[in-house]
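# Inside the fold
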Amino acid sequence: MLKATLRSFLAHKGRLLLSALAVILSVAFVAGSLIFSDTVTRTFDRLFASTSADVTVGPKDDGLEGQLPTGAEETVPASLAQRIAGIDGVADAHVDVSVENVTVVDSDNETVGPTTGAPTIATDWHPTDRSPVKLTSGHAPEGPGQALLDADTAKNRDVRIGDTLRVLARPGSFEVKVVGIATFTTTNPGSALVFLDTRVAQTELLGDPDAATGISVTAGPGVSDDVLKRRIAAALGPTAYEYETADEQAESAAASLGGFLDVIKYVMLGFAGIATLVGMFLIVNTFSMLIAQRTRELGLLRALGADRRQVRRSVLTEAALLGLVGSTLGLAVGIGLAFGLIALMGAFGMNLKSTEMVIGVGTPVAAYVVGLGVTFVAAYLPARRASAVSPMAALADAEIAGVGRPLRVRAVVGAVVGAAGAAALVGCALSSDTGSAASLLGLGVVLTLVATVVAGPLLVRPVIRVLGGAFPALFGSVGRMSQRNALRNPRRTGATAAALMVGIALVGGMSVASASMTKSFDQEIDKTLGADFVVQNQNFLPFPQEVTDKVRATDGVGLVVRQRFTPVAVRLPDGDRIETTAAAYDARLDEVANVTYARGDSAAALADGAIGMDVEFAREHDVSVGDTIPVRFPAGKSAELKVAALTDQDTADGFGMQGGLFFGTGTIESQVPDGQDSALYVNAGSGVDADELRANLERTLEAYPQVQVRDQADYKELVRGQIAVLLYLVYALLGLAIVIAVLGVVNTLALSVVERTREIGLLRAIGLARRQLRRMIRLESVVIAVFGAVLGLALGLVWGVCVQQVLALQGMKALAIPWGTVVAVVVGSAVVGVVAALLPALRASRMNVLAAIAHE
């Protein structure tokens, strides 16, 4: 049996190759994501460990995790360095100044810094043996007006020694001359670095020559980091500041990097999941057809004495061999994929070294578990079917692929699972709780997908009769035969179409969700935004006060209302402690925004000592107008604020943050005095044309390239762009699913051509031309692909509507069906069918007629 199994596997290696590609893709994405994340983690662990000071003293952690920054820098007294230097065991203590929220521009007002979202960091120049950079040309900055720039940024932005740059920081903007270039000696994390003289950095970046963002401490000989940390904490006060050893700094830095790594890892594992799911359909179909074609061979083995277990084991051994080969090749492709990702990160400024690629023990283990598991599970049902072959099949042209077999079991299972899935989706649509609705949605999606896959063959005959109904009229007998070929084996057609159905269902559901989100935000912007223009940083970060001053002084400006953000923690009457981001506005908010209130008004909410929130949030936490709630702000400050107004916006969380908390700028200025504005809502003055005002504002802000002027249309486009990022990911997943689905259709048609060799020979003998034969196979492929697209779209539209119902609980109540996408998917699926049929049709048309007729 082993010899027969190996002989069979090698005999069908060409047919199994396409199935192996699905395994290879699945394994490649798993292995590539693990290798890449392990490489980045190891690289940055080394970076953080080699550059961290023995002990760092910083501002006390306020424990607040807001979504948007205040713009204020948390500092410690610079005089701490002198106090720490006198502590036993301290070899050196120096002031650190490091600020991320800066913008650097050149003489042409072009931003000098990364364009990938990485920060531009302005810091003091204090080289040590642990510095991540070293001076390679020019000299160190000495006093005001001088700076160093990192070599990568200088090269990418064509900055040379002697060039003048302008630094836009919180206290204001200032000019510096580049007097030297510093080159990274470690991995470049992708940021741009500007180095200033320490005293200049304190004054220009922090606005206080006696402040610092931290103190770096070097331990003396024989003194451990932990011991030194305890001594410093005892001298300064255990709770006065935040104390971290080098290991703790590296751990916290790695934790902050973890979010970035998780995004990449989960995206790639999502691709692996789609490849695995779709690949399983392909493998099931391939093994089912191979077993159907080998019915007489299997029957002969049974007649010679092989029992059912041996036959089943033989098929599973073939699957294991396929999985082994696919896993090995997939691991190799995964290494190449990781290499490509590392190179891609280099294009984005993160210079990882491919020579330091990490392939941990878990990576090959995961690769082979995925590869072998996918093929083994997918081949199990065909293997069971193979073991049921009767010895009498050796004497007849029998086939066990399911032709003519009743589909009653599928009908019952599909109906039960489908009913459960439909009930879950209905429950999702009717639920008023977001968490419950989301859980029911996930359950409903899984169950309806399973039900559609199980019951798919039941839908083949009615749906394909409709889809291919015009074929006889358009293509005559060739069209009729292509339709009947697709109807001949419902199980095979259903399994082939299922691979395409999964990807299209996913993109259909997410397209409805994204279109609904876009429409909801458009309606919300139309309803809420009353300002002529919004001045905002392109990445929503705060900007310097001088920007606000310049806007106010611009010709034609009639009103400017400021918006600021701050992380807060509120203790609510029901006992919950909620950490979120709160917004602050100037008193004339109603003139630039249309806010709907259930209780109170803007004047009450923006008064000193008052706070407003969303009415649903208040109801959920037993908050009433007149209640006083404690609010904690950054830097340990807190206040008791009176609930003076409840908003009733379409977006349940008010301005897009949990609870929709907001108050007046007087409150935030008293609690976060160094905060910066995050947006300015600007109205034109009396008699001033909006276009004229926009031109004036753009001239004013020309010196601040990080800030943009937007009207309602611009704002909508900005939101659409953010939503589109998610949609592009879904389209990429669809693309992967389509690639594997094409392989599945090619595989099915290729095996079908082999299976129908004698039939094709007879058709050719009675006058079917090669061109007509190719057309017949193409039409069969098209109708199968469109069948998969129709099922996928039907499923995806239902999922999308249910997702929209969940979003409606968050205030996004508009439902939009992207009919253009629907039409494009149907047309695209037809094209997929044509492409997938090219090689099988060409092979069929080149058959020798006599040899085909004589084929057994």
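Structure shown above.
Residues numbered from 1 in each chain as written. Predicted model: local features only at pLDDT ≥ 70, side-chain atom pairs only at ≥ 80, totals over all residues. Heavy atoms only, no water.

Of the regular secondary structure elements, the protein holds 24 helices and 26 strands. When the backbone C-alpha atoms are referred to their principal axes, the protein occupies close to 95 × 65 × 55 Å. Across the 856 residues in the protein, those meeting the buried criterion constitute 51%. Taking the intrachain contacts of the protein between residues at least 6 apart in sequence as the baseline, contacts between residues at least 24 apart amount to 82%. With an accessible surface of roughly 36500 Å², the protein has 57% of that area assigned to carbon and sulfur atoms. Averaged over its 71 positive side-chain charges, the protein has a centre that lies 22 Å from the centre of its 81 negative ones. (Helix = DSSP H or I, 4+ residues; strand = E, 2+ residues; numbered from the N terminus. Buried < 20%, exposed > 50% of the residue type's maximum accessible area, 1.4 Å probe, protein only. Contact = heavy atoms within 4.5 Å. Areas by Shrake-Rupley, 256 points an atom, 1.4 Å probe, with all protein chains shown as cover. Lys, Arg positive; Asp, Glu negative; His and termini not counted. Charge placed at Lys NZ, Arg CZ, Asp CG, Glu CD.)

This part takes up the pairing of strand β12 (residues 192–196). Note on strand geometry: in a regular strand, side chains alternate between the two faces of the sheet. Of all five residues in β12, five are buried; the element is thus mostly enclosed. Going residue by residue along β12, you find Ala 192, Val 194 and Leu 196 tucked away on one face and Leu 193 and Phe 195 tucked away on the opposite face as well. The pairing of strand β6 (residues 120–124) with β12 spans five bridges and is classified as parallel. Within β12, the residue paired with Thr 120 across the bridge is Ala 192. When strand β8 (residues 146–150) meets β12, the two strands line up antiparallel, connected through two bridges. Paired with Leu 149 across the strands is Val 194, a residue of β12. (Pairing = 2+ DSSP bridges.)

Turning to a negative patch on the surface, a few remarks are in order. On the surface, a cluster of negative charge is contributed by Asp 555, Asp 689, Asp 691 and Glu 692. Looking at the secondary structure, you find Glu 692 in helix α19 (residues 690–700). A relative accessible area of 43% means that Glu 692 is categorised as partly exposed. (Patch = residues over 30% accessible without salt bridge, like charges linked within 9 Å, V, L, I, M, F, W, Y side chains within 5 Å. Salt bridge = Lys/Arg side-chain N within 4 Å of Asp/Glu carboxyl O.)

Spatially, the four strands line up as an open sheet ordered β3-β14-β1-β15, and their pairing is antiparallel. Each edge of the sheet is formed by a strand with only one pairing partner; in this case those strands are β3 (90–96) and β15 (242–245). Strand-to-strand twist across the sheet, computed as the mean angle between neighbouring axes with direction ignored, equals 20 degrees. As paired elements, β3 and strand β14 (residues 214–219) share six bridges and run antiparallel to each other. Considered in β14, the bridge of Ala 93 is made with Val 217. (Axes fitted to C-alpha atoms, helices over the stretch in contact; angles between N-to-C directions.)

Right, let's talk about the side chain of Asp 150 for a bit. Checked against the element boundaries, Asp 150 lands in strand β8. Here Asp 150 occupies a buried position and makes no salt bridge, while the nearest side chain of opposite charge, Arg 157, is found at 9.8 Å. Within the structure, Asp 150 has its side chain in polar contact with the side chain of Thr 153 (distance 2.7 Å). With residues near it in sequence (within four places) discarded, Asp 150 still touches Ile 181, Ala 182, Phe 184, Ser 191, Ala 192 and Leu 193. (Polar contact = N/O pair within 3.5 Å; in protein donor to acceptor, adjacent residues only side chain to side chain.)

Okay, the pattern of salt bridges next. Here the structure, examined in full by the defined rule, presents 17 salt bridges. Across the pair Arg 488 and Glu 759 runs a salt bridge, and its minimum N-O distance is 3.0 Å. Of this pair, Arg 488 sits in helix α13 (residues 471–488) while Glu 759 sits in helix α21 (residues 757–765); the two residues are 271 residues apart in sequence, bridging distant segments of the chain. Residue Glu 759 is classed as partly exposed on the basis of its relative accessible area of 26%. The partner of Glu 591 in a salt bridge is Arg 588, and the shortest N-O contact between them spans 2.8 Å.

The next thing to look at is unusual backbone geometry. One non-glycine residue, Asp 158, lies in the positive phi region at around 55 degrees. Residue placement: Asp 158 occurs in the loop between α4 (151–156) and β9 (164–168). The phi dihedral of Asp 622 falls on the positive side, at around 60 degrees, and the residue is not glycine. Positionally, Asp 622 belongs in the loop between α17 (615–620) and β22 (628–632).

This part is about the packing of helix α22 (residues 770–808) against helix α23 (residues 819–845). The geometry of α22 relative to α23 is characterised by a closest axis approach of 7 Å and an angle of 145 degrees between their N-to-C directions. Every pair of crossing elements has a handedness; the one defined by α22 and α23 is right-handed. (Left-handed = near helix turned anticlockwise from the far one by under 90°.)

On the surface, Val 823, Val 827, Val 831, Val 834, Val 835 and Leu 838 cluster together into a nonpolar patch covering about 490 Å² of accessible area. Position of Val 823 relative to the elements: it lies in helix α23.

The end-to-end C-alpha separation of helix α14 (residues 490–528) is 54 Å, in line with the 57 Å expected for 39 residues at 1.5 Å each. The largest bend along α14 measures about 35 degrees and falls at Ala 498. (Expected span 1.5 Å × (residues − 1). Bend = angle between axes of the 7 residues up to and from the residue.)

Right, let's talk about the packing of helix α11 (residues 408–430) against helix α12 (residues 434–467) for a bit. Helix-helix packing is characterised by the crossing angle of the two axes and by the distance between the axes. In contact at an axis separation of 7 Å, α11 and α12 are set at 155 degrees when each is read in the N-to-C sense. Comparing their axes, α12 and α11 come out roughly antiparallel. Along this stretch, α11 crosses α12, giving a crossing that reads as left-handed. (Parallel < 35°, antiparallel > 145°, perpendicular 65-115°, else oblique.)

What follows covers the environment of Ser 520. If you trace the backbone, Ser 520 turns up in helix α14. Overall, Ser 520 belongs to the buried group, its relative accessible area being 8%. In this structure the C-alpha to C-alpha distance between Ser 520 and Pro 634, which are 114 residues apart in sequence, comes to 33 Å. Sequence-distant contacts of Ser 520, defined by excluding residues within four places in its chain, comprise Met 812, Lys 813 and Ala 814.

A few words now on the nonpolar core. Within the largest apolar cluster, 64 residues are counted, with the highest numbers of intra-cluster contacts made by Phe 36, Val 278, Leu 352, Ile 464, Ile 504 and Ile 740. With 12 residues, α22 is the single largest residue contributor to this core. Residues within four places of Phe 36 in sequence aside, it is in contact with Ile 264, Ala 338, Leu 341, Ile 342, Met 345 and Leu 352. Counting 46 residues, the second largest nonpolar core, distinct from the first, contains Val 57, Ala 78, Ala 154 and Val 167. (Core = buried A, V, L, I, M, F, W, Y, C linked by side-chain atoms within 4.5 Å.)

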